[in-house]
Each structure stands twice: as C-alpha cells, then as structure tokens.
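Coordinates in review
In case you want the letters, here they are:
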Amino acid sequence: MGTSGRGTPIRRHPRTARSTLVALLAATLLSGCGSFYPRTNTQPLPANPVVPVTARIRHPYIPPPPPPPPPDPGTLPQTTVLPRSDDPAFQAGALALWRSIVTGDVSAAQSFFFPETAYVQVKGIWNPQEDYQDRLITWYDLDIRAAHDHLGADAAAAQLLGVQVPTEQAEWIEPGVEYNKGSYYRVYGTRLAYRLDGQTHSIGIFSLISWRGEWYVVHLGPSTRPATEGIVFDPA
C-alpha cells in the first residue's frame, strides 16, 4: 500500500501488481536472451569445401637411379696381387663353371673365363681379339660340352665338392714369355672334385691366369690340340 502526496493511502489492486511483475520479468528475459543462446552464422556451409590445389596434388614416387655397373676389369691395369682360391668371387666363378658342365649350357661359365679386354692388354700378337674368340673361347665352350658328356646320363646329379688350386706353384710370368707384352700369375694343376653315383671323381683345369688379384680360366683343356675339339683334361 502506498500514500498520496497528501498522506492519503493509495490502494492498489493485487491483480494489477502481479501483471506488472510478470511483464517486468518477461522483458528482462527477452533482453538477456543473447547471453543464454550463442549467436550462430546463418550463412550455410558449402556442400564440398574448397581445398587449395597444392594440397590436393600428390607427386608420384620417383625411385633413385640404379648405381652404374662396375667397370670391365680388363680395361683396368694389371696388379701384382696373388689371387686366393678362397676368394668369394673365385668360388662363385668355379660354381658357375660347374653349372655349365652339369647342364651343358656354356653361357653360365663365360664370366669365369679370362676377360677379352685383359687379353688384349697382355698379348703382343697380331689381332688378339680374333685369337681370343676363334681359339680360346671356342676351345673353352667345346671343353665344357666334352666335360658334360663325360658325366654321362646322370650329369644333373653330379655334385661339386670343391676346387683345389695349388697356389704355392703359381708363377709370375714376365713380358716376352709366350708372346706376352704384359704379366700375370699362372698356375697349373687345378682340379674340380665332384661326387656322382656315390663315387668321388675329379677333372682338371689345365691353367688359370690372374688379372687384378683374381683367378680366371684360360685353358680348361690342354693349351695345344691336334684338332678343334673338346677335351676333358686329366679325369680321375
């Protein structure tokens, strides 16, 4: 209850007071609604967001180039290193030769033969390339096929046991010997031991010569022969 300016009490109707209070509360809620409900961006998002072009491109993997092949040893100068028969390269070469003997396919054994480029450096003869191809390689191939025939029908079952090189008998060959203009180590008496049908056998390699510390076959069969034919050297 209030009073007028003259002190006369003013009577307010209870319903009018409650209506005024409700109106004030509603106004307060409406004015503060922004603090209860965060504003949202009414602009819709695109269905497919735009991605920068540089982020979408995936460059393909480009592997590094392979290493260059090793140089032909025959193009390099000779050394005075005495080869070892337990050298992994020599053992791999002997195994390749044996594979050719067992199968009759001469191609596998070519890497174990003295390189042509080294032969050109060593030999002081006219046209060493022709001598290499027409005599040395021809005989080598014929000797491999002769060794294959020597093993017989069960050649594929022949098992290589090892290769024995009498390194203590190797000689350093000086220029002027055997029409040479270069030098190398030479050894006779190398043997390939193998097992076939429960028996141990061997065949000889007539001569090995060296190039840069590695042994190579230069004559599988004898270095001289009456005809162009394959010969198995000293089978046992």
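Residues numbered from 1 in each chain as written. Predicted model: local features only at pLDDT ≥ 70, side-chain atom pairs only at ≥ 80, totals over all residues. Heavy atoms only, no water.

Details of helix H6 (residues 128-151)
A turn of α-helix holds 3.6 residues, and therefore any two residues three or four places apart point the same way. End to end, H6 covers 33 Å across 24 residues, agreeing with the expected 34 Å (1.5 Å per residue, within 8%). At Ile137, H6 shows its largest bend, some 25°. Directly after H6, the chain includes Gly152, whose backbone phi takes a positive value near 85°. (Helix = DSSP H or I, 4+ residues; strand = E, 2+ residues; numbered from the N terminus. Expected span 1.5 Å × (residues − 1). Bend = angle between axes of the 7 residues up to and from the residue.)

With respect to the pattern of salt bridges
Within the structure shown, the criterion is met by six salt bridges. One salt bridge in this structure joins Asp143 and Arg225, with 2.8 Å as the shortest N-O distance. Of this pair, Asp143 sits in helix H6 while Arg225 sits in the segment after strand S7 (214-219), and the two are 82 residues apart along the sequence. In this structure Arg225 comes out as buried when scored by relative accessible area, which is 13%. With a closest N to O distance of 2.7 Å, Arg186 and Glu178 form a salt bridge. We classify Glu178 as partly exposed; its relative accessible area is 38%. Three or more residues joined by partner-sharing salt bridges are found here, namely Glu171, Glu178 and Arg186. (Salt bridge = Lys/Arg side-chain N within 4 Å of Asp/Glu carboxyl O. Buried < 20%, exposed > 50% of the residue type's maximum accessible area, 1.4 Å probe, protein only.)

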